[in-house]
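# Architecture and fold: a report
If you want the building blocks of each chain, they are given just below.
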Amino acid sequence: MSAAAVDPHAADPEPPPGGQRTFLHVLVNTAIANVTTSFLWFALTFWVYLETRSVLATGVIGGAYMLLVAVFSMFFGTVVDRFRKQRVMVTATAGTFVLFALTGLIYLSVPNAVLLDVTGPWFWVFSLVMLAGAVVEQLRGIALSTTVSLLVPGPKRANANGLVGTVQGLGFLVTSVFSGLAIGYLGMGWSITIAVVFVGLSLAHLLTLRIPEPVIVHTEGQPGWVDIRGGFAAVMAAPGLFALVLFTTLNNLVGGVYMALTDPYGIEVFGTAQAWGIALAVVSTGFMIGGGMVAKFGLGRNPIRTMLLLCCLIGVLGATFALRESWLLYGLGLWAFFMVMPAVEAAEQTVIQRVVPFRQQGRVFGFAMTFEAASAPITAFLIAPIAEFWIIPYMDSSAGQDRWGWLLGTGDVRGIGLVFVWTGVVSILLALGAFATRAYRMLSTQYLEAAKNDEEAAKDEGGPSADSTTDGTATDDRAL
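Residues numbered from 1 in each chain as written. Predicted model: local features only at pLDDT ≥ 70, side-chain atom pairs only at ≥ 80, totals over all residues. Heavy atoms only, no water.

Regarding its fold elements, the protein chain presents 17 helices and zero strands. The buried share of the protein chain, reckoned over its 480 residues, is 55%. Contacts in the protein chain between residues at least 24 apart in sequence constitute 87% of all its contacts with a sequence separation of at least 6. Carbon and sulfur atoms make up 67% of the accessible area of the protein chain, which totals about 19500 Å². (Helix = DSSP H or I, 4+ residues; strand = E, 2+ residues; numbered from the N terminus. Buried < 20%, exposed > 50% of the residue type's maximum accessible area, 1.4 Å probe, protein only. Contact = heavy atoms within 4.5 Å. Areas by Shrake-Rupley, 256 points an atom, 1.4 Å probe, with all protein chains shown as cover.)

Two numbers describe how helix α11 (residues 285-297) lies on helix α13 (residues 327-355): the axes approach to 7 Å, and their chain directions differ by 40°. Judged by the angle between their axes, α11 and α13 are oblique. As α11 runs across α13, the sense of the crossing is right-handed. For the pair α11 and α13, the contacting residues are Thr285, Gly286, Phe287, Ile289, Gly290, Gly291 and Val294 in the first and Trp335, Phe338, Met339, Met341, Pro342, Ala343 and Ala346 in the second. Taken together, the residues of the contact of α11 with α13 sort by class into ten nonpolar, four polar and no charged. (Axes fitted to C-alpha atoms, helices over the stretch in contact; angles between N-to-C directions. Parallel < 35°, antiparallel > 145°, perpendicular 65-115°, else oblique. Left-handed = near helix turned anticlockwise from the far one by under 90°. Nonpolar A, V, L, I, M, F, W, Y, C, P; charged D, E, K, R; others polar.)

Okay, helix α9 (residues 241-270) next. For α9, with 30 residues, the first-to-last C-alpha span of 41 Å sits near the 44 Å given by 1.5 Å per residue. Maximal helix bending in α9 amounts to about 40°, located at Leu261; proline Pro264 follows within four positions. Of the residues trailing α9, Gly271 is marked for its positive phi of about 100°. (Expected span 1.5 Å × (residues − 1). Bend = angle between axes of the 7 residues up to and from the residue.)

The residue Pro357 is located in the loop between α13 and α14 (361-396) in this model. Given a relative accessible area of 24%, Pro357 falls into the partly exposed group.

Where charged atoms from two side chains of opposite charge come close, those side chains can pair. In this structure the tally under the stated criterion is two salt bridges. For Arg140, the salt bridge is made with Glu137, and the minimal N-O distance between the two is 3.7 Å. Pair noted here: Arg140 and Glu137 are both in helix α5 (residues 121-151), with a separation of three residues, about one helical turn. The class of Arg140 is buried, set by a relative accessible area of 0%. One salt bridge in this structure joins Arg414 and Glu325, with 3.1 Å as the shortest N-O distance. With Arg414 in helix α16 (residues 414-435) and Glu325 in the loop between α12 (303-320) and α13, this pair connects stretches of sequence that are 89 residues apart. (Salt bridge = Lys/Arg side-chain N within 4 Å of Asp/Glu carboxyl O.)

We now examine a nonpolar patch on the surface. Where nonpolar side chains cluster on the molecular surface, the patch consists of Met236, Phe242, Leu246, Leu250, Leu253, Ile378, Leu382, Ile386 and Trp390 and spans about 820 Å² of accessible area. Of note, Ile386 is situated in helix α14. (Patch = residues over 30% accessible without salt bridge, like charges linked within 9 Å, V, L, I, M, F, W, Y side chains within 5 Å.)

Nonpolar side chains in soluble globular proteins generally cluster together in the buried interior. If you look at the biggest cluster of nonpolar residues, it comprises 132 residues, and the most contacted ones within it are Trp47, Phe126, Met188, Leu241 and Phe420. The biggest single contributor to this core is α5, with 15 residues. Ignoring anything within four residues of it in the chain, the contact list for Leu241 reads Val235, Val351, Ile352, Val355, Val356, Val364 and Leu443. (Core = buried A, V, L, I, M, F, W, Y, C linked by side-chain atoms within 4.5 Å.)

With that settled, consider the packing of α5 against helix α7 (residues 188-206). For the pair α5 and α7, the least separation of the axes is 14 Å and the interaxial angle reads 25°. Compared by their axis directions, α5 and α7 come out roughly parallel. α7 is crossed by α5, and the crossing has left-handed handedness. Residue-level inspection shows Phe126, Met130 and Arg140 of α5 in contact with α7, the latter providing Met188, Ile192, Ser202 and Leu206. Class assignment for the residues of the contact of α5 with α7 results in five nonpolar, one polar and one charged.

For the rest of this paragraph, the subject is the side chain of Ser191. Within the secondary structure layout, Ser191 lies in helix α7. What makes Ser191 buried here is its relative accessible area of 0%. Residue contacts for Ser191: discarding those within four places in its chain leaves Phe39, Leu40, Ala43, Ala182 and Ile183.

With 81% of its residues at a pLDDT of 70 or more, the protein chain shows a mean pLDDT of 78. Low pLDDT (under 50) marks residues 1-10, which in the prediction has 34 contacts with non-local residues, meaning those over four places away or in another chain. (pLDDT = per-residue confidence, 0-100.)

Summarising the element assignment, Thr36 is placed in helix α1 (residues 19-52). When its relative accessible area of 5% is taken as the criterion, Thr36 is described as buried. Dropping the residues within four chain positions of it, Thr36 is found in contact with Ala195, Phe198 and Val199.

So, on to the packing of aromatic side chains. Two measures describe an aromatic ring pair: the distance that separates the ring centres and the angle between the ring planes. Applying the stated criterion to the full structure yields 22 aromatic pairs. Taken together, a centroid distance of 6.2 Å and an interplanar angle of 65° make the contact between Trp47 and Tyr107 edge-to-face. Note that Trp47 is positioned in helix α1 and Tyr107 in helix α3 (residues 85-109), a separation of 60 residues in sequence. Here Trp47 matches Tyr107 in class, with each residue buried. In textbook terms, an aromatic cluster arises when at least three aromatic residues are bridged by ring pairs, as seen for Tyr258, Tyr265, Phe270, Trp276, Phe287, Phe321, Trp327, Tyr330, Phe337, Phe338 and Phe420. (Phe/Tyr/Trp six-rings, centres within 6.5 Å; stacked < 30°, edge-to-face > 60°.)

This brings us to the environment of Phe420. Position of Phe420 relative to the elements: it lies in helix α16. In sequence terms Phe420 and Leu323 are 97 residues apart; their C-alpha atoms lie 8.7 Å from each other. Among all residues touching Phe420, those that are not within four sequence positions of it are Val257, Tyr258, Leu261, Thr262, Tyr265, Gly318, Ala319, Phe321, Ala322 and Tyr330.

This part is about the state of the cysteines. Scanning the model with the defined rule gives zero disulfides in all. Cys312 carries a free sulfur, and the closest cysteine sulfur to it, the one in Cys311, is 7.3 Å from it. (Disulfide = S-S within 2.5 Å.)

Here is the structure:
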């Protein structure tokens, strides 16, 4: 990729004719890559837990993944702003292909007994190389978020982000089933082989696509490869946006608990990795339904308010789906939990796409992802050993059962259930507190003003107004 920078004075590009069709092609291609990456990521988690039965190992792996995302997100965001989006996607996919192939070589070269020794170096080398391949795929995610602004008109962006959530849900469904079945029946070696083949197919397909984009010109004083200052300045230029990033960071801090403990709890209550994989596929239809609802109906006049209300609902669900050691309660609760998630993710992306100039969106998405991703590993690294060495043994004791049995009942993983309850309570309090902040009101006002400008521009061009779209971004001040 040639070094280039975006002209800071250039106007935001207008979506080209047929831009939404091109976006759908990009979305489908990204889905292929994401499905494959998620497939191998789930396979690694299932494999490690089944072979070691260690909550600590799975928690550290999940935390390491998010830590790598945090470390590289600002760099990824700068890359997206400085280079053509298709070239960025091609490079990211090629990097994932090479790293996944390298994990295959390690798997073939190192005996399983050595590879699964969590105290030895080869376990962590193998896991980190695989995680690095998954992290590189995040570069495509940032590029995809900016292509929404590049190819889709403003009033339709919430709907486009809903489609992204639907595709992610489909990928989650597919990978949940096949990761569990692949590990249960084929093993880790064949799982790696499948991933390498499909990433290669995604790369070949991507090379046939063309994403129309304005020329990125050379400028003097272009930012460095990790443009923290530029990303921070772009975030601060939108009143209240930093508070949105801060809220999402704190929310992810809480979410790190679910990242570390959801799979171990699921495997225990469903009995086997195969059963848990199939169950994940069923409950992940919630992603598809939730994303489809956003694609159809949008996020309402004020996506920030919608996001906070749904975060309260997520807290309620997280606090209740493990109140009893029941696979049915957990499955239904997780299904509803997953149904809400696409709207929360789409709300943040829609706000950034509306209030941040296109030429800076890569750095803003990267800046946000840096802090949001950095928060989850903190909790995952902390909660995994705390749960394994303190909370789970405590809830297995008579003292823990006497103290919390009225709330959580009995079972083998009541310790994880207790952690889920308190995590949900914290989520609810965090979202309710955000409603009372000045930043919430400021960002809501700025979003509605941007939506009004898009509506007026659409009317001037004879296109559909915001009132006639499913985004629902009409500028009624009562939305505040």
